[in-house]
Amino acid sequence: MGTLLRPGPAAAAASPIPVASSSSANHAVAVGVGARSLRYRGVSVGALRSPSPQVLATRWRPRRDTVVRSDVVAGGAAAAAGDSTQALSDLQVASRFRGVCFYLVTAVAAIFLFVAMVAVHPLVLLFDQYRRRAQHYIAKIWATLTISMFYKLEVEGMENLPPNTSPAVYVANHQSFLDIYTLLTLGRCFKFISKTSIFMFPIIGWAMYLLGVIPLRRMDSRSQLDCLKRCVDLVGKGASVFFFPEGTRSRDGKLGVFKRGAFSVATKTGAPVIPITLIGTGKLMPSGMEGILNSGSVKVIIHRPIQGNNAETLCSEARNVIADTLLLHGYGVH
């Protein structure tokens, strides 16, 4: 049937897997490991040994450097954030301190100038009951002394202001408590409209009464009608009036919708409307934050007078002039 052949030495050498006895294999492994020359399927057994400590140190050094650098970057970012927070806190403290100083200066100046107002008031009632130029001149001094220490004021378009002898209806955007101070420096004898509650403030409220400021209860429709009638009467007698057609200060710095009351007074009396744009007062003392005063400057732009017989048209024209100017200077409009 066939002959059973036993593999000879040559066949054993040709076998793909080395065959050896346990003793010889152990000896070979020991020799191979010691000489780092034994190979199994082409892989050196010496390559499977654990790397030396020097090799480990070399391999791990870049990672340790990376961790150190990350810690440095994180520490730098934290330090920068801390510096930014500290700078913001210092700025807030400075604004509050400046606000306190502002009210101290205006209060002290008001005391002395209020005495002057009281002294000349009988003469004003006798000879200048409606315009009250002497009282307004004192108010201009008071406002100028107060703001000159805290912010720079720039006025553009003074040539567009009518003389004090010519009655007019002035309108402006309303951003801040500082608007009144700023407008008083223009030296024009216009009558503001103010909430009745402000007349209760000592010195300031009394001075407003001497200036002839017109009181208004906002939520009272009868008070609003009486206010408009008084404005018409004052303009008819040669005085000027001043309106903030938005009705209140802007909360977000954007120009609000105009009400038509001021323009109705203008059409009924034939007086010109003088639009005025106030820029920057809301950044120095934002609405609702009257306890602080930031550093900066204010610009007042006086536009050319506009006239007409239609209150709606006058309202639209005046608002468009002010809105375009605010947009030109980076402010928003509702």
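Residues numbered from 1 in each chain as written. Predicted model: local features only at pLDDT ≥ 70, side-chain atom pairs only at ≥ 80, totals over all residues. Heavy atoms only, no water.

Taking an unreviewed UniProt entry as the reference, the protein chain is identified by name as Phospholipid/glycerol acyltransferase domain-containing protein belonging to Urochloa decumbens.

**Student:** Explain the pairing of strand 8 (residues 240-243) to me, please; I cannot follow it from the model alone.
**Tutor:** Taken residue by residue, a regular strand's side chains alternate between the two faces of the sheet. Along strand 8, one buried face is formed by S240 and F242 and the opposite face, lined by V241 and F243, is buried too. In the sheet, strand 5 (residues 190-191) pairs with strand 8 via two bridges, with the strands oriented parallel. If you follow K191 over to strand 8, its bridge partner there is V241. (Buried < 20%, exposed > 50% of the residue type's maximum accessible area, 1.4 Å probe, protein only. Helix = DSSP H or I, 4+ residues; strand = E, 2+ residues; numbered from the N terminus. Pairing = 2+ DSSP bridges.)

**Student:** Any chance you could explain the packing of aromatic side chains here in plain terms?
**Tutor:** Each aromatic ring pair is described using two quantities: the centre-to-centre distance and the angle formed by the ring planes. Under the counting rule described, the total for this entry stands at 14 aromatic pairs. Between W142 and Y181, the aromatic rings sit 4.9 Å apart at their centres with planes inclined by 40°, giving tilted as the arrangement. Taken together, the residues W142 in helix 4 (residues 133-147) and Y181 in helix 5 (residues 178-184) connect sequence positions 39 residues apart. Each of the two residues, W142 as well as Y181, counts as buried. Among the aromatic side chains, those forming a connected cluster through ring pairs are F102, Y103, W142, F150, F177 and Y181. (Phe/Tyr/Trp six-rings, centres within 6.5 Å; stacked < 30°, edge-to-face > 60°.)

**Student:** Hey, could you run me through the nonpolar core in this one?
**Tutor:** A general trend in soluble globular proteins is that nonpolar side chains are found buried together. Core analysis: the biggest nonpolar cluster contains 41 residues, and Y151, Y170, L183, F242 and I276 have the highest contact counts within it. Contributing elements (two or more residues each) for this core: helix 3 (53-127), helix 4, strand 4 (169-172), helix 5, helix 6 (204-211), strand 9 (273-279) and strand 10 (297-302). Top element by residues in this core is helix 3. It accounts for six residues. Contacts of Y151, omitting those with residues within four sequence positions, involve L178, Y181, T182, L284, G296 and V298. Ranked by size, the runner-up nonpolar core spans 30 residues in total, among them C231, F243, F258 and V265. (Core = buried A, V, L, I, M, F, W, Y, C linked by side-chain atoms within 4.5 Å. Contact = heavy atoms within 4.5 Å.)

**Student:** Sorry, what's going on with the pairing of strand 10 here?
**Tutor:** Most of strand 10 sits inside the fold, with five of its six residues counted as buried. Strand direction decides the pairing type here: strand 3 (residues 152-156) and strand 10, joined by five bridges, are parallel. By the bridge assignment for strand 10, L153 is matched with V298. Two strands pair when backbone bridges link them, and strand 9 and strand 10 are joined in this way by four bridges, in the antiparallel orientation.

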